[in-house]
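One letter stands for each residue in the lines below.
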Amino acid sequence: SSEAKRRSGDLRMPRISTTKSLEFSELLDELRLSYPNIKFIDSDYSSWSNSKQSIFYNKDSANAVPDLLHEIGHMLCNHESYESDLSLLSKELEAWQKAINISKKLSISISENYINDCIDSYRAWIHKRSLCPKCSQSAVEISDKKYKCINCHDSWQVNSTQESRIYKKGLVK
């Protein structure tokens, strides 16, 4: 079925010549043909929405192609949400691996440095969330968005957004 094909990551053989200079619009057209049940929506950011079966992309980004392939990776992995910060990192790595596989099929090059920078940004974000607001030591995520410091035993909850500002709220003991 087309759904099984979508989940396995099989792309139809492109009708266009796939070279390293493949234009974004040509790639997008090809992906729309390969994934007819997915909505591709021009946006200011790149993301996958499982609930909307939509991939949002920013065609003006300097990394529009790798970002689009990465979001296809999330779609192929059927990523919906994440249960913990480490599961988010795992899903990001999984989506990048799918993006690499797709890029090879399409003869498109994705910079390893760019992928590493993206993964490092998640690592840094997770690290910031894990820092204890009282003693600044790294803590452990004990449940969904809840951390506990192994040094001073303080507990706190973090927000779920991946924006640059991290909000920490102390938990009542």
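Given the structure is predicted, the values throughout are model-derived calculations rather than measurements.

(A) Fine view of the packing of aromatic side chains. Taken as a whole and assessed by the stated rule, the structure comprises four aromatic pairs. Both rings, one in Trp96 and one in Tyr114, keep their centres 5.9 Å apart while their planes meet at 85 degrees; by these two values the pair is edge-to-face. Here Tyr114 lies in helix 5 (residues 112–130) and Trp96 lies in helix 4 (residues 85–105), a separation of 18 residues in the sequence. Pair check on accessibility: Trp96 and Tyr114 agree, each one buried.

(B) Here's a closer look at the packing of helix 2 (residues 24–34) against helix 3 (residues 64–76). Between helix 2 and helix 3, whose axes approach to 10 Å, the crossing angle comes to 15 degrees. Accordingly, the angle class assigned to the pair helix 2 and helix 3 is roughly parallel. Seen from above, helix 2 lies across helix 3 with right-handed handedness. Contacts from Phe24, Leu27, Leu28 and Leu31 in helix 2 reach Ala64, Val65, Leu68, Leu69 and Ile72 in helix 3. Of the residues in the contact of helix 2 with helix 3, the class split is nine nonpolar, no polar and no charged.

(C) Representation of helix 4. Spanning 21 residues, helix 4 covers 31 Å between terminal C-alpha atoms, matching the ideal 30 Å at 1.5 Å per step. Regarding helix 4, the residues found buried are Asp85, Ser87, Leu88, Leu89, Lys91, Glu92, Ala95, Trp96, Ala99, Ile102 and Ser103. On the buried face of helix 4, the contacting elements are helix 3, helix 5, strand 4 (139–143) and strand 5 (146–149). Backbone geometry just after helix 4 places Ser107 at a positive phi near 55 degrees.

(D) Layout of the environment of His153. Within the element layout of this structure, His153 appears in the loop between strand 5 and strand 6 (155–158). Classification of His153 by relative accessible area gives partly exposed; the value is 47%. Distance in space between the C-alpha atoms of His153 and Cys132 is 9.1 Å, their sequence separation being 21 residues.

(E) Highlighting the layout of surface pockets. A volume near 480 Å³ is recorded for the largest pocket. Surrounding the largest pocket, 23 residues form its lining, Ser47, Trp48, Glu71, His74 and Glu92 being those nearest its centre. When contributions to the lining of the largest pocket are tallied by element, the ones reaching two or more residues are strand 2 (47–49), helix 3, helix 4 and helix 5. The class makeup of the residues in the lining of the largest pocket is eight nonpolar, 10 polar and five charged.

(F) Highlighting the pattern of salt bridges. Summed over all chains, the structure comprises six salt bridges. Here Asp154 makes a salt bridge to Lys134, at a shortest N to O gap of 3.9 Å. Residue Asp154 is located in the loop between strand 5 and strand 6, and its partner Lys134 is located in the loop between helix 5 and strand 4; the two are separated by 20 residues in the primary sequence. On the basis of relative accessibility, which here comes to 8%, the residue Asp154 falls in the buried class. Of the residues examined, Lys134 reaches a relative accessible area of 61% and is grouped as exposed.

Cut-off values and rules
Residues numbered from 1 in each chain as written. Predicted model: local features only at pLDDT ≥ 70, side-chain atom pairs only at ≥ 80, totals over all residues. Heavy atoms only, no water. Phe/Tyr/Trp six-rings, centres within 6.5 Å; stacked < 30°, edge-to-face > 60°. Helix = DSSP H or I, 4+ residues; strand = E, 2+ residues; numbered from the N terminus. Buried < 20%, exposed > 50% of the residue type's maximum accessible area, 1.4 Å probe, protein only. Axes fitted to C-alpha atoms, helices over the stretch in contact; angles between N-to-C directions. Parallel < 35°, antiparallel > 145°, perpendicular 65-115°, else oblique. Left-handed = near helix turned anticlockwise from the far one by under 90°. Contact = heavy atoms within 4.5 Å. Nonpolar A, V, L, I, M, F, W, Y, C, P; charged D, E, K, R; others polar. Expected span 1.5 Å × (residues − 1). 1 Å grid on protein atoms, 1.4 Å probe; cavity = no way out; pocket = protein on both sides within 12 Å on 5 of 7 lines; lining within 4 Å. Points joined across faces, edges and corners; volume = space filled by probe spheres on them. Salt bridge = Lys/Arg side-chain N within 4 Å of Asp/Glu carboxyl O.

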